[in-house]
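# Structural features, examined
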Amino acid sequence: MSRASIADAVGLTKATVSSLVGELIARGLLSERGRAPAAAVGRPGQLVALSDETVVGLGLEINVDYLAACVLDLAGGVRFERFLRRENRDTPIRDVFDALGDLGRSALNEAEAERLIPVGVTVAAPGLVEVDSGMLLMAPNLGWSNTPLRTEVANRLQRPHLYVTADNEANLAALGELWQGHGQEWRDFIHISGEIGVGAAVVVGGELLRSGSGLGGELGHLSIDPNGAECPCGSRGCLERVVGQEALLKRARLDAEVGTSIGVPDGGVRLLAESAERGDQRTLDALAEAGEALGLACGAAVNLLAPNTVVLGGIFALLFDWLADPLREELEKRAFVAKCSDVAVVRSELGAAAAVRGAASLTLRAVCADPYLVGSSGR
Ligand SMILES: [Zn+2]
């Protein structure tokens, strides 16, 4: 945009906008990109855009069977992205953090070699994360509890000036979809991430809905059958008992290691997809039942929150073709809101990369919210 069109859009004078833009250019957050097409009157203005040459954010992710790192620039460009398949269950926690530290340092080294300036780090984990303290309170699928995620990662990056935060992977996946996927068009959506467990996050008006504790989003433990199977969480008939990966494999009578959609190459998800592709009736029934159960749970969420879109991520993105129709059918029956307005059910655009992209984006959003975090020399 030109300075004049920014002034029009934000309702400040052109002089004020010019001075602010000058400051942001000095901080390396904006850069000039040629001239706007000639206006009828006056000189054509210089166009300014978010800079892809200075600040970057690092996202890291720990999951049950992989580690991931992603570096994003301010203009949304992916400058580094690596997924490292690695069994993190039943391994000493220290080894997992050491491997994540190595991965994080190589991402930072590559960014710095390109003269990019990392401004912070966000770590995604599959469990309950207390954002303020950076503690991972509980991650049942990893078998971890009360782990100081933020401190463990910060200690290994060898960059004491970098601010490290931690958050839940489902929240970050929704933010990834919001800032890097189609989220800006949807604005109000529920993002359901299925991997081994099932998490959800809600975006309302383009903002992630958060409680003060940062916990929540445990859609997988929404009880859809009060007399259903016992769940390790202490409740009964939790959604995860029907749509979680273990339940799907058992119902389809498939024998495979449970894993995430990118972690285990021949893991449960691929087997389910291949088996459904072949038309195996048990698998098709398991997936239809799961779609229906997801529709039931989504119906409750949609009635309460009235989103316009339900996004299926993780393994549900890979199994979307078999889940979507029964889900939609059930949703139409259950969600009163859906009788008055359309609720779209869509596949996640970013899939398994959503959480680590969201983590990197969240770091950069802190700079967008407060550009003074970056010094006038761009540091
Ligand atoms: Zn439960």
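Thresholds, definitions, all that
- Residues numbered from 1 in each chain as written.
- Predicted model: local features only at pLDDT ≥ 70, side-chain atom pairs only at ≥ 80, totals over all residues.
- Heavy atoms only, no water.
- Helix = DSSP H or I, 4+ residues; strand = E, 2+ residues; numbered from the N terminus.
- Buried < 20%, exposed > 50% of the residue type's maximum accessible area, 1.4 Å probe, protein only.
- Contact = heavy atoms within 4.5 Å.
- Areas by Shrake-Rupley, 256 points an atom, 1.4 Å probe, with all protein chains shown as cover.
- Lys, Arg positive; Asp, Glu negative; His and termini not counted.
- Charge placed at Lys NZ, Arg CZ, Asp CG, Glu CD.
- Patch = residues over 30% accessible without salt bridge, like charges linked within 9 Å, V, L, I, M, F, W, Y side chains within 5 Å.
- Salt bridge = Lys/Arg side-chain N within 4 Å of Asp/Glu carboxyl O.
- Axes fitted to C-alpha atoms, helices over the stretch in contact; angles between N-to-C directions.
- Parallel < 35°, antiparallel > 145°, perpendicular 65-115°, else oblique.
- Left-handed = near helix turned anticlockwise from the far one by under 90°.
- Nonpolar A, V, L, I, M, F, W, Y, C, P; charged D, E, K, R; others polar.
- Polar contact = N/O pair within 3.5 Å; in protein donor to acceptor, adjacent residues only side chain to side chain.
- Domains from an automatic or database assignment.
- Buried area = accessible area lost by both parts, 1.4 Å probe.
- Donors = N, O, S within 2.8 Å, 3.2 Å for Na, K, Ca; no water.
- Tetrahedral: all angles 85-135°; square planar, octahedral: opposite > 155°, others 65-115°.

For the protein, the count of helices and strands is 14 helices and 15 strands. Principal-axis analysis of the C-alpha atoms gives the protein an extent of 70 × 50 × 40 Å. Relative to its 379 residues, the protein shows a buried fraction of 51%. Contacts in the protein between residues at least 24 apart in sequence constitute 61% of all its contacts with a sequence separation of at least 6. Surface summary for the protein: the accessible area is close to 17200 Å², and the carbon and sulfur share equals 51%. Once the 35 positive and 49 negative side-chain charges of the protein are each reduced to a mean point, those two points are 5 Å apart.

Before going further, it helps to examine the environment of M1. By secondary structure assignment, the location of M1 is in the segment before α1 (3-10). Put simply, M1 and S18 are 17 residues apart on the chain and 12 Å apart in space, counted from C-alpha to C-alpha. If we ignore the near neighbours within four places in the chain, the residues touching M1 are I6, A9, Q46, L47 and V48.

On to a nonpolar patch on the surface. Side chains of V204, L209, L304 and L305 sit close together on the surface and give an oily, nonpolar patch of about 380 Å² of accessible area. Positionally, V204 belongs in strand β12 (residues 198-204). By relative accessible area, V204 is classed as partly exposed at 40%.

Right, let's get into the packing of helix α9 (residues 268-277) against helix α10 (residues 281-305). Running from N to C, α9 and α10 point in directions that differ by 115 degrees, and their axes come no closer than 8 Å. In this view, α9 runs roughly perpendicular relative to α10, as classed from their interaxial angle. Two packed elements cross with a definite hand, and for α9 against α10 that hand is left-handed. Listed contacts from α10 to L272, S275 and A276 of α9 are T283, L284 and L287. Looking at side-chain class alone, the contact of α9 with α10 contains four nonpolar, two polar and no charged residues.

Mapping S348 onto the fold places it in the loop between β15 (344-347) and α14 (354-369). A residue is classified by how much of its surface remains accessible, and S348, at 5% relative accessible area, is buried. A distance of 2.8 Å separates the side chain of S348 from the backbone nitrogen of G351, its partner in a polar contact. Those residues in contact with S348 that lie beyond four places of it in its chain are E177, H191, V311, L312, G313 and A317.

Segmenting the protein into domains produces domain 1 (3-50), domain 2 (55-173 + 355-373) and domain 3 (182-348). Its C-alpha centre places domain 2 at a distance of 25 Å from the equivalent point of domain 3. Opposite the 19 residues of domain 2 that make contact, domain 3 presents 21 residues. Interface of domain 2 and domain 3: buried area, both sides summed, is about 1600 Å²; carbon and sulfur atoms make up 52% of it. Its salt-bridge partner being R89, residue E257 comes within 3.7 Å of it at the nearest N-O pair. Along the contact surface separating domain 2 from domain 3 lie three residue pairs in polar contact (both at pLDDT 80 or more).

Glancing now at the coordination of the zinc ion. The protein atoms that coordinate the zinc ion are H221 (ND1), C231 (SG), C233 (SG) and C238 (SG), at distances of 2.0 to 2.3 Å. In this structure, the zinc ion is coordinated by four donor atoms arranged in tetrahedral fashion, with angles at the metal of 107 to 119 degrees. All donors of the zinc ion belong to a single chain; written as a sequence motif, their spacing is H-x9-C-x1-C-x4-C. Here C238 lies in the loop between β13 (207-208) and α7 (240-243) and H221 lies in the loop between β13 and α7, a separation of 17 residues in the sequence. A relative accessible area of 28% places H221 in the partly exposed class. Using a relative accessible area of 0% as the deciding quantity, one classes C238 as buried.

In a packed pair of helices, the relevant descriptors are the angle between the two axes and the axis-to-axis distance. Packing of helix α3 (residues 93-113) against helix α4 (residues 149-156) brings their axes to within 8 Å, and their N-to-C directions diverge by 50 degrees. It follows that α3 is oblique to α4 by the angle criterion. Here the hand of the crossing between α3 and α4 comes out right-handed. Taken together, the residues of α4 that come into contact with α3 (itself represented by R94, F97, D98, L100, G101 and R105) are L149, E152, V153 and R156. The residue makeup of the contact of α3 with α4, split by class, is four nonpolar, one polar and five charged.

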